[in-house]
Amino acid sequence: MKYATDYGYEIKPAYGPRDVAGLDYERDLGDPGRFPYTRGYHPEGYRSRMWTRRMTAGLGSSRDANLALKKYRAMGQTGGLCVIHDRPSSSCIDADHPMARKENGVLGWPGSSLAEFEALMEDIPLTGQSITLLGCCAPSALRLAYVVALAAKRGDPLAEIHGSVTESPFSNPFGQTDVQPFDLDMKLFLDSSEYIVRNRIRMRAGIVGQHFQESGGNDAQALAIELAMLKEVCGRLVGERGLAFDDVMRLPYQLVSIGTRFFEEIAKVRALRRMWARMARAHFGAQSDKACQLLIAVHTSGRTMTYQQPLNNVVRCAIQTLAGAIAGCTAIDNATLDNAYAEPSALAAQMSLNTQHIVAVETGVADVVDPLAGSYFVERLTNEVEAAAYRVLAEIDARGGLVAAIEQGYVPDLLESEARRKFRALDSGERLVVGVNHLAVAPHEELFEVPVQEVEASDAEAIGRRMAEWKRARDMAPVEASVRRLHAEAGQGERHNLMPAIIAAVESYATAGEIMGVIRVARGLEYDPLGMLQCPFRLH
Amino acid sequence: MRAEAAERGAAARSDRGIRVIISMIGLDSHTTGAQVVAALLRDAGFEVIYLGPNQSPAMIVGAARDEDADVIGISAHASNFALIEELLALVERDGLKDVPVVCGGHIPPRQVRRLLERGVARVFPPGSPGDAIVEYFAGLGRRG
């Protein structure tokens, strides 16, 4: 058995005052609600606002996903909904694309048009709960357009809608790859971000550190990547789009992954708050307190959900939820016991949501803010992960920032070698996982087979056929007019904001593939990212 | 990144003389498992051609033919597994019947049984020991 964090800090058998000798309470921790916010942003913690307890939905057709959302509401998920795209729509490929045929509705919601969003949200209010849509960067601008368009159709004031429907392009190199080029994803992400900030829309943008950690990165690397992503995105919105930093900071939220190494995960989140607060002031010259307070949401780790003995995952999920709650966060969405198999079944979803409700109302951990502050061990771990993260961040900065560090291969190599190291640690028994390399049972001795939610090939093909039929039945004149406008505007340079033209195209029921396709053509790319379709429009 | 991986994949012939395609299938982009297995096999002396994500069954079979591969390894994460069945049909149609298809990753037991019935040679679930994977692939060379 090895006593060390995943980033290589050797853990001692006991900790005392000497381990935190340099710690200055006011400078390094501060009371809850005080800079540098190590202990959180609210003096009253969860007493003033309980974290949003939610489950990620999306599987099968939009109607199927709509029914799942309604079921989650009945299970007590009333603070906010969370939906993830299926694979084709994550890449802005339509359901009738040849590569989508057998993947529609797999692992998510087939959200490639406003019509699908309308079906998803049928009889579900846009206001009064947070609306979170996830799944790759490419459809971010479209998702924002869906919300704007549906709000207009329903007569809901945009100002009353909140949530997060956009995410940064940095998921692409970290295992959530869409098929669109990074520079196009970045341009559209900056467009949607600028649109949100300038119009004072209460929508956050996901800066998703989770994918890096879930792809095998260690805690310190994940922390460094999270800060580097923020630095790059905020820097571009200030530098390239002319926004004030304090306004920009109404936008991002960081989605962090929480694994089973309990104290280390709590330390990581505490360090993230402190490191951001200092970066906001020192690097960006933040004026307001708010701009120093990074909104943090937690995803309990899907990576740790084992294929073997899946009921064990209920326990892992509970430990991680407890860590997320103690660390302090604004929302938690859980992995589920069947995560190694499929999207959650109703049983698994209920287990995960109830895990959160139990932690929130039965354990008492939500009664006191940052209850582990002052623990010699946790404060030392917070310092250690921070120091290790600063070392990685310095390497990234030395390469010219995160985009450059990815292009130069530094970050991909970091991730790949860390993933290999994690595999070897498991393979050699240096790290133990119950049911996998410790106390494993033969497959035929498994006492429980999880009910698995599956999408059959026929379901996927039906979604594709429906889209093909729906496309033919549309009124094509407004579609053609809107994509021509979009194509023309997409030729007007990187900083020309395409959001208004994208919203108009979405409102005319142009699809994700069509909208992204004509933008691609304007940038000198093939209409279809996979080179299988011709552009169906006359664009001039 | 992908170009670099391809470059590494095209490296000199290995000591074992066994050529292995490792690929994702369809739009699945959970590449960690495939990358780890590719590195594991490469370190063990196999010649690995790593195709990466966004590969259709036809593209994978085409690569297997062009590269004269001995075995096709597919990494799959909780997918709709119909694409793997389509791959099996293409392997047979193109006369590559002596090229076994091996799968790994998050594949539910019912799907594992179905894939084995349809002709997948072996399925390695998550948590499979590295030695077991290497040993199995070592037995698949066609060139003796």
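Computed from a predicted model, the values in this text were never measured in an experiment.

Undergrad: Now, about the overall build of chain B: what can you tell me, with residues and values included?
TA: Broken down by element type, chain B carries six helices and five strands. Starting at the N terminus and walking to the C terminus, you meet the elements of chain B as α-β-α-β-α-β-α-β-α-β-α. Taking all 144 residues of chain B together, the buried fraction comes to 58%. Long-range contacts, defined as pairs at least 24 residues apart, comprise 73% of the intrachain contacts of chain B with a sequence gap of at least 6. With the model as given, the accessible surface of chain B reaches about 5900 Å², and the carbon-plus-sulfur share is 51%.

Undergrad: So what's going on with helix α6 (residues 182-198) of chain A? Residues and values would help.
TA: Residue and element names in this part refer to chain A. The first and last C-alpha atoms of α6 sit 24 Å apart over 17 residues, in line with the 24 Å expected at 1.5 Å per residue. Within α6, 14 of the 17 residues are buried, which leaves the element mostly enclosed by the surrounding structure. Arg200 occupies a position one or two residues after α6 and carries a positive phi of about 50 degrees.

Undergrad: Break down the state of the cysteines for me, citing the residues and quoting the values.
TA: Disulfide: a covalent bond formed between the sulfur atoms of two cysteine residues. Residue and element names in this part refer to chain A. This structure, assessed with the given rule, holds zero disulfides over all chains. The thiol of Cys137 is not disulfide-bonded; the next cysteine sulfur, from Cys136, is found 8.4 Å away. Here Cys317 is not disulfide-linked; the sulfur of Cys329 is the nearest cysteine sulfur, at 13 Å.

Undergrad: Describe the pairing of strand β2 (residues 47-52) of chain B, naming the residues involved and giving the relevant values.
TA: All names here are of chain B. Taking burial as the measure, the six residues of β2 include six buried ones, the bulk of the element. Where burial is concerned, the two faces of β2 agree: the one with Glu47, Ile49 and Leu51 and the one with Val48, Tyr50 and Gly52 are both buried. Pairing geometry for strand β1 (residues 19-24) and β2, over five bridges, is parallel. Residue pairing across strands places Ile22 opposite Tyr50, the latter belonging to β2. Taken together, β1, helix α2 (residues 32-43) and β2 constitute a β-α-β crossover, and its handedness is right-handed.

Undergrad: Please give an account of the interface of chain A and chain B that cites residues and values.
TA: Each side of the interface is counted separately: chain A has 37 residues, and chain B has 42 residues. Both sides of the chain A and chain B interface together cover about 3200 Å² of buried area, and 55% of this is carbon and sulfur. Linking chain A with chain B are five salt bridges, by the criterion used here. Where chain A packs against chain B, one counts 10 residue pairs in polar contact (both at pLDDT 80 or more). When contributions to the side of chain A that touches chain B are tallied by element, the ones reaching two or more residues are α3 (87-90), α15 (410-427) and α16 (457-473) of chain A. The element contributing the most residues to the side of chain A that touches chain B is α15(A), with seven residues. A per-class count over the side of chain A that touches chain B returns 20 nonpolar, five polar and 12 charged.

Undergrad: Please provide a residue-by-residue account of the pairing of strand β8 (residues 295-300) of chain A, values included.
TA: Residues and elements named next belong to chain A. In terms of residue burial, β8 counts as a mostly covered element, since five of its six residues are buried. Pairing between strand β7 (residues 252-258) and β8: six bridges, direction parallel. When the sheet's bridge partners are listed, Tyr253 is paired in β8 with Leu295. A crossover connection joins β7 to the parallel β8 through helix α10 (residues 262-282); in handedness this β-α-β unit is right-handed. Where β8 and strand β9 (residues 331-333) come together, three bridges link them in parallel fashion. If you follow Ala297 over to β9, its bridge partner there is Ala331. Read from β8 through helix α11 (residues 312-327) to β9, the crossover connection turns out right-handed.

Undergrad: Account for the domain arrangement of chain A, naming residues and giving values.
TA: Residues and elements named next belong to chain A. The assigned domain composition of chain A is domain 1 (21-50 + 209-408) and domain 2 (53-200 + 459-540). Just the C-alpha atoms count here: the centres of domain 1 and domain 2 sit 27 Å apart. Between domain 1 and domain 2, a total of about 3400 Å² is buried, with carbon and sulfur atoms accounting for 67% of that surface. Where domain 1 meets domain 2, there are 11 residue pairs in polar contact (both at pLDDT 80 or more). Put simply, the parts of the chain that give the side of domain 1 that touches domain 2 at least two residues each are α7 (210-214), α8 (219-239), α9 (245-248), β9, α12 (346-361) and α14 (402-407). The element that contributes the greatest number of residues to the side of domain 1 that touches domain 2 is α12, accounting for eight residues. Here the residues of the side of domain 1 that touches domain 2 sort into 21 nonpolar, 10 polar and eight charged.

Thresholds, definitions, all that
Going along each chain's sequence as written, the residues are numbered from 1 onward. Chain labels run from A onward and ligand labels from 1 onward, assigned in the order the entries are written. Reporting of local features is limited, given that this is a predicted model, to residues whose pLDDT is at least 70; pairs of side-chain atoms are given and counted only at 80 or more, and all residues count toward the totals for whole chains, interfaces and linings. Heavy atoms throughout the structure, all of them, feed into the side-chain values; hydrogens and water do not. Each helix is a run of H or I in the DSSP string that is no shorter than four residues. Each strand is a run of E no shorter than two, and both are numbered from the N terminus. Type-normalised accessible area, obtained with a 1.4 Å probe on protein chains alone, sets the label of each residue: buried when under 20%, exposed when over 50%, and partly exposed for intermediate values. Only heavy atoms enter the contact rule, under which two residues are in contact if any of them lie within 4.5 Å. Computed with the Shrake-Rupley method and a 1.4 Å probe, the accessible areas treat only the protein chains shown as cover for residues. Take the residue count of a helix, subtract one, and multiply by 1.5 Å to get its expected span. Our working definition of a disulfide is a cysteine sulfur pair at a distance within 2.5 Å. A strand pair is defined by DSSP finding two or more bridges across the two strands. Seen with its strands pointing away from the viewer, a crossover is right-handed when the path leading from the first strand over the helix to the second is clockwise. Using a 1.4 Å probe, buried area is obtained as the accessible area two parts lose upon being combined, added over both of them. In what follows, salt bridge is the name for a side-chain nitrogen of Lys or Arg lying within 4 Å of a carboxyl oxygen of Asp or Glu. Here a polar contact is taken to be a pair of N or O atoms separated by no more than 3.5 Å, where protein atoms must pair a possible hydrogen donor with a possible acceptor and residues adjacent in sequence count only if both atoms sit in side chains. Classification convention: Asp, Glu, Lys, Arg as charged; Ala, Val, Leu, Ile, Met, Phe, Trp, Tyr, Cys, Pro as nonpolar; all other residues, Gly among them, as polar. All the domain ranges listed were derived from an automatic or database domain assignment.

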